[in-house]
Amino acid sequence: MSEQKLFEKIAVCDDEEKSLEAIKRYAEYYFAQYGVEFSLHTYSSAEELLREAVQSPYDICFLDIDMPDRNGIDLAEQINRGDNQTLIVFVSFREDYVFQSFRAHPFSFVRKSHFQEDMDRTIRDVVKLRTRQRDQNELCRIVDEAGYEHVFLRDSICYLKAEEKYVDVVLTDGKKLLRCSMKNLERELAPYGMIRCHKSYIVNIRKVYAVKYDHLMMLDKTQIPIRRGMVGELKKQLCSVLVQ
């Protein structure tokens, strides 16, 4: 399996056609230079972007501030209302808006008077942030019932097995016995590609070799039971890992 690449879903919004095209062109160029895969969508209307962002949030939004249908700062606040974590980048000639823009907690401010320089810096900073977030995601943190945090490399975990009031964490180089709730572990480990396939087992989908009708075959040939109705979901999850 190849290393997972960074992917960004990007929106660019500016009511001026030339500026819209310039931001789009430079964003495409710099993200490609840094090896980031992306999909990029352009909008000349703030309201149109907002409708789309509510339905399917963007990772990054490049926004003009001075637009006729909605101020870019207000737009940014609407986009990130609730739990959205979209990175906001303002792109404007109006450098006097820098301090006002702080209320929307922007990731960066690109001055159109220093456009190329600021775009390069901003996208370089985005890549650094995303790389750091991805690398942090490689570490699994498990908090036991006593509140002690145990840290594992994600790919060192094969599976977890409930043993009465304890859980056996089976690693590529040994085992670790923790006092934890399987219910809590299921929730904590789901973002790391760990799936509860049976009341007594949570598996690292990256360590699965094959999905059978009533069990999983792990890479080390261990057979793990699966509960009824899980075969389709487990096959789907395994396929998504294999194509990365």
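Before going into details, it helps to say that this report is about the structure given with it. For every chain, the first residue of its written sequence is number 1, and the numbers climb from 1 along that sequence. In keeping with the predicted nature of the model, local features appear solely for residues at pLDDT of at least 70, side-chain atom pairs appear and are counted solely at 80 or more, and the whole-chain, interface and lining totals rest on all residues. Calculated side-chain values reflect all of the structure's heavy atoms, with hydrogen atoms and water omitted.

1. A look at the sheet that holds strand β12 (residues 201-204)
Pairing between strands is defined by DSSP: at least two bridges between them are needed. Helical segments are the DSSP runs of H or I of at least four residues, strand segments are the runs of E of at least two, and each set is numbered from the N terminus. Strand order in the open sheet made by the 5 strands is β10-β9-β8-β12-β11, with antiparallel pairing throughout. Both outer strands of the open sheet, β10 (174-178) and β11 (194-198), are each paired with one neighbouring strand and no more. The sheet shows a mean angle of 20 degrees between the axes of neighbouring strands, direction not considered. Direction of pairing for β11 relative to β12: antiparallel, over a ladder of 4 bridges. For R196, the partnering residue across the bridge sits in β12 and is I202. Between N-to-C directions, angles span 0 to 180 degrees; the directions come from axes that are lines fitted to C-alpha atoms, helices contributing only their stretch in contact.

2. A look at the pairing of strand β9 (residues 166-171)
Burial status follows relative accessibility: with a 1.4 Å probe on protein chains alone, a residue under 20% of its type maximum counts as buried, one over 50% as exposed, and anything between as partly exposed. For β9, the tally of buried residues reaches 5 of 6 residues, placing the bulk of the element in the interior. With 6 bridges joining them, strand β8 (residues 157-163) and β9 adopt antiparallel strand pairing. Across the sheet, L160 pairs through a bridge with V169, a residue of β9. Counted along the chain from β8 to the antiparallel partner β9, the turn is 2 residues long, and its residue E164 has a positive phi close to 55 degrees. Note: β9 against β10, 5 bridges, orientation antiparallel. Residue V169 lies in a different strand from β10, and its bridge partner there is K176. Turn length for the β9-β10 hairpin, with the two strands adjacent in sequence and antiparallel, is 2 residues.

3. Describing the packing of aromatic side chains
Two rings from Phe, Tyr or Trp (for Trp, the six-membered ring) form a pair when their centres are within 6.5 Å of each other. A pair whose planes differ by under 30 degrees is stacked, one over 60 is edge-to-face, and the rest are tilted. This model, assessed by the stated rule, comprises 7 aromatic pairs. Arranged with centres 6.1 Å apart and planes meeting at 45 degrees, the rings of F31 and F38 form a pair that is tilted. Look at F31 and you get buried, because its relative accessible area is 0%. Pairwise contacts between aromatic rings join Y26, Y29, Y30 and F115 into one cluster. Working rule: Lys NZ or Arg CZ, within 6 Å of ring centre, within 35 degrees of ring normal, means a charge sits over the ring. The positively charged end of K9 is found above the aromatic ring belonging to Y58, 4.6 Å away from the centroid. Here the basic side chain of R179 rests over the ring of Y166, its NZ or CZ set 5.5 Å away from the ring centre.

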